[in-house]
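# Results of the structural survey
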Amino acid sequence: MHANPYSGVPVSDFDPYDSAVLANPYPHYERLREAGPWVWLERYGALAVARHEQVHAVLSKPDLFCSSAGVGLANFHTETPWRKPSIILEADPPNHGRIRKVVARVLSPASIGRLRSTFEAVAARMVDELVERGSFDIARELCEAFPTKAFGDAVGLPAEGREHLLPYGDMVFNGFGPINERFHERMKTSGEAVNWIAQVCRREALTTDGLGAQLYAAADDGEITHEEASMLVRTLLSAGLDTTIFTLCNAIVSFTAHPEQWALLHENPSLARQALEEVLRYDPTFHSFYRTTTQAVEVDGITLQPEQKVAVFIASANRDPRRWPGADTFDITRRATGHTGFGAGIHGCAGQMMARLEGEVLLTALARRVARIHREGEPVLHFNNTVRGLKSLPVSVEPSLAAVH
Ligand code: OVM
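Residues numbered from 1 in each chain as written. Predicted model: local features only at pLDDT ≥ 70, side-chain atom pairs only at ≥ 80, totals over all residues. Heavy atoms only, no water.

Once that is clear, we can look at the overall build of the chain. Of regular secondary structure, the chain possesses 17 helices and 13 strands. Relative to a compact globule of 405 residues, whose C-alpha radius of gyration would be 22 Å, the chain shows 21 Å and is just as compact. For the C-alpha atoms alone, the extent of the chain along its principal axes is close to 65 × 50 × 40 Å. Across the 405 residues of the chain, 58% fall into the buried class. In the chain, once contacts between residues fewer than 6 apart in sequence are set aside, the share between residues at least 24 apart is 74%. As displayed, the chain has an accessible area near 16600 Å², and 54% of this comes from carbon and sulfur atoms. Side-chain charges of the chain comprise 40 positive and 49 negative groups, with the mean position of each set lying 3 Å from the other. (Helix = DSSP H or I, 4+ residues; strand = E, 2+ residues; numbered from the N terminus. Rg over C-alpha atoms; globule rule 2.2 N^0.38 Å. Buried < 20%, exposed > 50% of the residue type's maximum accessible area, 1.4 Å probe, protein only. Contact = heavy atoms within 4.5 Å. Areas by Shrake-Rupley, 256 points an atom, 1.4 Å probe, with all protein chains shown as cover. Lys, Arg positive; Asp, Glu negative; His and termini not counted. Charge placed at Lys NZ, Arg CZ, Asp CG, Glu CD.)

Attention now moves to the pattern of salt bridges. Under the definition given, this model contains 23 salt bridges. Between Glu-34 and Arg-322 there is a salt bridge, and its shortest N-O distance comes to 3.2 Å. Here Glu-34 is found in helix α2 (residues 26–35), whereas its partner Arg-322 is found in the loop between α16 (314–317) and α17 (352–369), with 288 residues between them in sequence. Residue classification places Glu-34 among the partly exposed residues on the basis of a relative accessible area of 46%. With relative accessibility at 44%, the residue Arg-322 sits in the partly exposed group. The closest approach of N and O atoms between Asp-170 and Arg-186, which form a salt bridge, is 2.8 Å. Remark: Arg-186 occurs in helix α9 (residues 181–188) and Asp-170 occurs in helix α8 (residues 165–174); sequence separation between them is 16 residues. (Salt bridge = Lys/Arg side-chain N within 4 Å of Asp/Glu carboxyl O.)

What follows covers the sheet that holds strand β5 (residues 135–137). The strand order β5-β13-β10 describes an open sheet built from 3 strands, whose pairing is antiparallel. Here the strands that pair on one side only, and so sit at the sheet edges, are β5 and β10 (370–375). Across the sheet, the mean angle from the axis of one strand to that of its neighbour is 30°, orientation sign disregarded. Pairing of β10 with strand β13 (residues 394–399), which is carried by 5 bridges, proceeds in the antiparallel orientation. By the bridge assignment, His-374 is partnered in β13 with Ser-396. (Pairing = 2+ DSSP bridges. Axes fitted to C-alpha atoms, helices over the stretch in contact; angles between N-to-C directions.)

Surrounding the ligand, one finds Arg-83, Ser-86, Ile-88, Leu-89, Val-172, Phe-173, Phe-176, Thr-235, Ser-238, Ala-239 and Phe-286. The separation between an oxygen atom of the ligand and a polar side-chain atom of Arg-83 is 2.8 Å. With respect to the ligand, the side chain of Ser-86 contributes an N or O atom lying 2.6 Å from an oxygen atom. Here the ligand, which alone exposes 300 Å², has 88% of that area covered by the protein. Where the shell around the ligand is concerned, the elements lending two or more residues are α8 and α12 (226–239). With 3 residues, the top contributor of residues to the shell around the ligand is α12. Here the residues of the shell around the ligand sort into 7 nonpolar, 3 polar and 1 charged. (Near = heavy atom within 4 Å. Polar contact = N/O pair within 3.5 Å; in protein donor to acceptor, adjacent residues only side chain to side chain. Nonpolar A, V, L, I, M, F, W, Y, C, P; charged D, E, K, R; others polar.)

Our next topic: the environment of Leu-265. Mapped onto the elements, Leu-265 comes out in helix α14 (residues 259–267). Residues Leu-265 and Ile-332, spaced 67 residues apart in sequence, show a C-alpha to C-alpha distance of 8.2 Å.

Between helix α15 (residues 272–282) and α17, whose axes approach to 8 Å, the crossing angle comes to 115°. The crossing of α15 and α17 is right-handed. Contacts between α15 and α17 involve Ala-272, Arg-273, Leu-276 and Glu-277 from the former and Met-353, Ala-355, Arg-356, Leu-357, Gly-359, Glu-360, Leu-363 and Thr-364 from the latter. Per-class residue counts for the contact of α15 with α17 are 6 nonpolar, 2 polar and 4 charged. (Left-handed = near helix turned anticlockwise from the far one by under 90°.)

So, about the sheet that holds strand β4 (residues 65–66). Pairing between the strands of a sheet is mediated by backbone hydrogen bonds and can be parallel or antiparallel. Read from one edge of the open sheet, 6 strands run β1-β2-β3-β9-β6-β4, paired in mixed fashion. Edge positions in the sheet fall to β1 (11–12) and β4, since each of these pairs with one other strand and no more. Across 5 bridges, the pairing between strand β6 (residues 288–293) and strand β9 (residues 309–313) is antiparallel. Paired with Thr-292 across the strands is Lys-309, a residue of β9. Contacting β1, β2 (39–41), β3 (46–49) and β9, α2 runs over the sheet at an angle of about 125° to β2. Against the sheet, helix α3 (residues 52–59) makes contact with β3, β4, β6 and β9, and its axis sits at roughly 125° relative to β9, the strand it touches most.

Structure below.
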């Protein structure tokens, strides 16, 4: 237990990494928000922010709350990270800006827009096949299969070996939490995935027309080094799979729990984009990460110490009743923009347009072809220190009565 150095700040024994919490974190987030704007987590020696206002405040001051000391619980100034730090996620201005500019261009709406028709064709084929079968595991056979194929092809990955993508991401996202049993379990079997990722980050392993190749082209132009291009392919593969896969899973969980919301989407598939936004608010994939103070920081009447780890509960900000009327209601007709499912500020998700495209395309394809989705078993949660999603969800679907094409 870590003694609370901040007088007036409430103390909590909350453990965000406890399996019972991960199974349903939302009642715990409510307690955390109601305890105060800043809460001392005595198990971890970190301050927590769980309200929308404070989450936003921390994320909008990268000079005071930095990322280069690691965005996990570990402080890179005193602990050795398990892998080389990311040159975009775990970086600060001004270096961060130079790298982010390149990634932002490769993942810009214009660049991503060119992928839409290909993604639509992949989604149509996958959904048609599954609807034909009638019952299947939607988590594995659709939510996992679609980004693995569509995004994997977009990056320019070889077809062989993509089964390593989710386990690699699982390692990365466990790595933002404490070095617990869950982290050790995953690391035991990590060797092959780490090797495969290192192999496919090389220019020679990638197609010549994908997002990976575009990063290397930026290196040819002198914007970044070739070593940095390879690190950014690693970023695409670290951040781009588990996140989108689990978001699609969480969409299906919410829609099967709220069939009247699916009925709305089925009646009007053009709601897909805003429905995805509500999924990202109501049950986002990414739950928490950290910032570290660069100096003594005065905030809300507290003086934070330098090198103070701050746990930022973005999934809790999305349920803050101070910001969202009916925060605990899944409602695809609401305006969910402003949610923190993608974080906020200069580190706000660089792949969010890609994530939205994948989500919109897949939800649209499903909504046009499927009238009702029935659970044929309980959703099986995937436990990870940072991201929430599913391992499995058996469903049956009732096809749409109207013709699709
Ligand atoms: C990276 C990285 C890894 C995981 C997540 C992420 C959400 C980035 O390697 O840069 O952003």
